[in-house]
Amino acid sequence: MHAIVGENGAGKSTLMKILYGMQKPDEGTITVDGEQVTLHSPADAIARGIGMVHQHFMLADNLTVLENVVLGSESLHGIGGKARAKILEISEAYGLGVRPDVLVEDLGVADRQRVEILKVLYRGARTLILDEPTAVLVPQEVDALFDNLRELKAEGLTVIFISHKLGEVLSVADDITVIRRGTTVASVHPRDVTSKQLAELMVGSELPVPETRESTVTDRPVLTVEGLTVRIHDAEHGHRTVLDEIDFTIHAGEVLGLAGVEGNGQTELVDALIGLRHADAGTIRLGEEDITGWATRKRREGGVGYIPEDRHRHGLLLEAPLWENRILGHVTEKPNSNGYWLKPKEARADTERIVEEYDVRTPGIEVTAASLSGGNQQKLIVGREMSHTPRFLIAAHPTRGVDVGAQAQIWDQIREARHEGLAVLLISADLDELIGLSDTLRVIYRGRLVADADPATITPEELGTAMTGAASGHLEHEEGPQDARPGDDTDGAQNEENEHE
């Protein structure tokens, strides 16, 4: 289990694309099983037993899970019963819980990732490249994934593991390579380095924590949701309720953290709040106004900011230049337009400001969004949304796939805006982030808000347990000998005092 760590744009994904035959190197050699190889395509890599699970998934939305898995590998087990049996066998063996007949477009991010992992195993890979595999998983799911990876390792498979979560890297890796700006700067053993030292090697600074020290919560409601109910129809389950009488209020200066295992109604809640999905019952109020029937554009113009969970599908036009992406979602607002006519010159100038202010690493604003690393794409989106001084911000996985340096910047922006009176709904699979940034914590399970907790006392483990439906009501922290303030250490890594103990 070999971990590759480095900040966004350091070259991690580029290196992996070369190992997977998607990109050709200009110099250097690759050796597989003692034999020097040239990989012209992913087919060459697969033939050599190399499989890759990408950070941004390579799945066809309009096909089923089974069709996605067998696509391009029909000769292995056909496309019918044998293929289905093999998929179910692999799914069961590694606890992936994959359903072969579901359309991929109906799956959440975590389920899509499991399909990608299964796809690689189906092709008989002996070397697995995992790019940010735990970005959207809760602690229990991460533990399960790592157990799976240890099983694979025990069977003689090699895992190359890219992650920004340094605590995870230290807990599972046998070796760690640190790269910075395209160059190897260190090769270390997990026993010889702390998470703080690793972060310093990566970005030249200490590991940031998402902790918020002072409360800025006011008594002025900004977003009030009452009795919100959403029903959907899908081929597998027919009509079903995905949000069941949801009630909550977010005040000016408050971050409400929503914890839940992927697929428990978070996506539908975000869609209902931004106007992409119709509410079957209940009301949504922004300040004094009932916005339940408002179109998405009117909500945006009314002060609703939106950082989507999937930046590629809902946040960017990948083949458009950065300055055009800056306009998205704010077409009728200054400086992008005067309400009727677009003003490209002003939009370009403001994009330059965002690039500078939010440290978006790019050669210029005319390059396409696709040419940026994931973290820099995210910083562009955060900069775009914060530039319109929203009253209410939906932040879904705002630091997913983002390095520790960029994480700190995004946390600072959210804290700063919160101080100015912004109301935030924060949805994140990073429980340290949820606990550290939130003023209030609620747990969503099967479309209902089942529990709440005090971020000052709850631990990630207790929150993770509640997310599985094992606890409800108000969660009280159970005192233990190892108690520490959540958020003191990022990604579950212990601080130096604990390490000395």
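Before reading on, note that the structure itself is shown above.
Fair warning: this is a prediction, and the values are worked out from it, not measured in the lab. (Residues numbered from 1 in each chain as written. Predicted model: local features only at pLDDT ≥ 70, side-chain atom pairs only at ≥ 80, totals over all residues. Heavy atoms only, no water.)

Visitor: What am I meant to see in the nonpolar core here?
Guide: When a protein is soluble and globular, its nonpolar side chains tend to lie buried together. If you look at the biggest cluster of nonpolar residues, it comprises 49 residues, and the most contacted ones within it are V5, L121, L128, L149, V169, I176 and L198. Here this core gets six residues from one element, more than from any other, and that element is helix α6 (residues 109-122). Apart from the residues within four sequence positions on either side, I176 is in contact with H2, A3, V5, V169, L170, A186, S187, V188, P190 and L198. In terms of nonpolar packing, the next biggest core, distinct from the first, is built from 43 residues, I381, M386, L393 and L434 among them. (Core = buried A, V, L, I, M, F, W, Y, C linked by side-chain atoms within 4.5 Å. Buried < 20%, exposed > 50% of the residue type's maximum accessible area, 1.4 Å probe, protein only. Helix = DSSP H or I, 4+ residues; strand = E, 2+ residues; numbered from the N terminus. Contact = heavy atoms within 4.5 Å.)

Visitor: Looking at this structure, how should I read the side chain of Q377?
Guide: In this fold, Q377 is placed in helix α15 (residues 374-386). Given a relative accessible area of 3%, Q377 falls into the buried group. Separated by 3.3 Å, the side chain of Q377 and the backbone oxygen of L372 make a polar contact. If near-sequence neighbours (up to four positions away) are discounted, Q377 is found in contact with H56, R311, H312, L316, L318, A369, A370 and L372. (Polar contact = N/O pair within 3.5 Å; in protein donor to acceptor, adjacent residues only side chain to side chain.)

Visitor: Is there a simple way to think about the pattern of salt bridges in this case?
Guide: A complete count under the given rule lists 22 salt bridges for this structure. Here R112 and D61 are joined by a salt bridge, their closest N and O atoms 3.1 Å apart. One end of the pair, R112, is in helix α6; the other, D61, is in the loop between β4 (50-53) and α3 (65-70), with 51 residues separating them in the sequence. For D439, the salt bridge is made with R418, and the minimal N-O distance between the two is 2.8 Å. Here D439, found in the loop between α17 (431-437) and β17 (440-445), pairs with R418, found in helix α16 (residues 404-419); they are 21 residues apart in sequence, far enough to count as distant. Judged by relative accessible area, which is 23%, D439 ranks as partly exposed. (Salt bridge = Lys/Arg side-chain N within 4 Å of Asp/Glu carboxyl O.)

Visitor: How do you make sense of the sheet that holds strand β1 (residues 2-5) when you look at a structure like this?
Guide: Note: strands within a sheet are paired through backbone hydrogen bonds, in either parallel or antiparallel orientation. Spatially, β4-β5-β6-β1-β7-β8 is the arrangement adopted by the six strands of the open sheet, whose pairing is mixed. Either end of the sheet is taken by a strand with one partner, and the two such strands are β4 and β8 (183-188). Each strand of the sheet is rotated relative to its neighbour by a mean of 20°, with strand direction disregarded. One ladder, built from four bridges, connects β4 with strand β5 (residues 127-131); its direction is parallel. Residue G51 lies in a different strand from β5, and its bridge partner there is L128. Along the sheet, helix α1 (residues 12-19) contacts β1, β4, β5, β6 (158-162) and β7 (175-180); its crossing angle with β6, the most-contacted strand, is approximately 150°. Relative to β4, α6 is tilted by about 175°, and along the sheet it contacts β4 and β5. (Pairing = 2+ DSSP bridges. Axes fitted to C-alpha atoms, helices over the stretch in contact; angles between N-to-C directions.)

Visitor: What should I look at first to understand helix α14 (residues 344-357) in this one?
Guide: Given 3.6 residues to a turn, an α-helix orients residues that are three or four positions apart in the same direction. The first and last C-alpha atoms of α14 sit 20 Å apart over 14 residues, in line with the 20 Å expected at 1.5 Å per residue. The inward-facing, buried residues of α14 abut α13 (322-327) and α15. Where α14 ends, the next residue or the one after it, D359, has phi of about 55°, a positive value. (Expected span 1.5 Å × (residues − 1).)

Visitor: Help me understand the pairing of strand β16 (residues 423-427) in this model?
Guide: Regular strands have side chains that alternate between both faces of the sheet. Most of β16 is tucked away, with five of its five residues classed as buried. The alternating pattern of β16 places A423, L425 and I427 and V424 and L426 on opposite faces, both of which are buried. Sheet topology places strand β11 (residues 255-259) next to β16; four bridges connect them, and they run parallel. Within β16, the residue paired with L258 across the bridge is I427. Of the strand pairs in this sheet, strand β15 (residues 392-396) and β16 are connected by five bridges, and their pairing is parallel. When the sheet's bridge partners are listed, L393 is paired in β16 with V424. Each parallel crossover has a hand, and for β15 linked through α16 to β16 it is right-handed. (Right-handed = clockwise from strand over helix to strand, strands pointing away.)

Visitor: How should the environment of V270 be read in this particular structure?
Guide: Structurally, V270 is set in helix α10 (residues 266-274). Exposure remark for V270: the relative accessible area of 5% places this residue in the buried category. On a C-alpha basis, the gap between V270 and P308 in space is 8.6 Å, while along the polypeptide they are 38 residues apart. Ignoring anything within four residues of it in the chain, the contact list for V270 reads Y306, I394 and I427.

Visitor: Before we go on, may I ask you to explain empty space enclosed by the protein in this structure?
Guide: Vacant regions in the atomic arrangement are exposed by a probe of water-molecule size rolled over the atoms. Summed over the entire model, instances satisfying the criterion amount to two cavities of 30 Å³ or more. Each pocket or cavity is described by its volume, and for the second largest cavity that value is around 40 Å³. Surrounding the second largest cavity, Y94, L96, I117, L121, L145, N148, L149 and L152 form its lining. Within the residue set of the lining of the second largest cavity, elements represented by two or more residues are α6 and α7 (139-154). Considering each element in turn, the lining of the second largest cavity owes the most residues, four residues, to α7. Residue composition of the lining of the second largest cavity, by class: seven nonpolar, one polar and no charged. (1 Å grid on protein atoms, 1.4 Å probe; cavity = no way out; pocket = protein on both sides within 12 Å on 5 of 7 lines; lining within 4 Å. Points joined across faces, edges and corners; volume = space filled by probe spheres on them. Nonpolar A, V, L, I, M, F, W, Y, C, P; charged D, E, K, R; others polar.)

Visitor: What am I meant to see in the packing of α15 against α16 here?
Guide: Remark: α15 packs on α16, axes separated minimally by 11 Å, with the N-to-C direction vectors making an angle of 10°. Overall, the two elements α15 and α16 adopt an arrangement that is roughly parallel. Where α15 approaches α16, its residues Q378, K379, V382 and M386 are matched on the opposing element by A406, Q409, I410, Q413, I414 and A417. Of the residues in the contact of α15 with α16, the class split is six nonpolar, three polar and one charged. (Parallel < 35°, antiparallel > 145°, perpendicular 65-115°, else oblique.)

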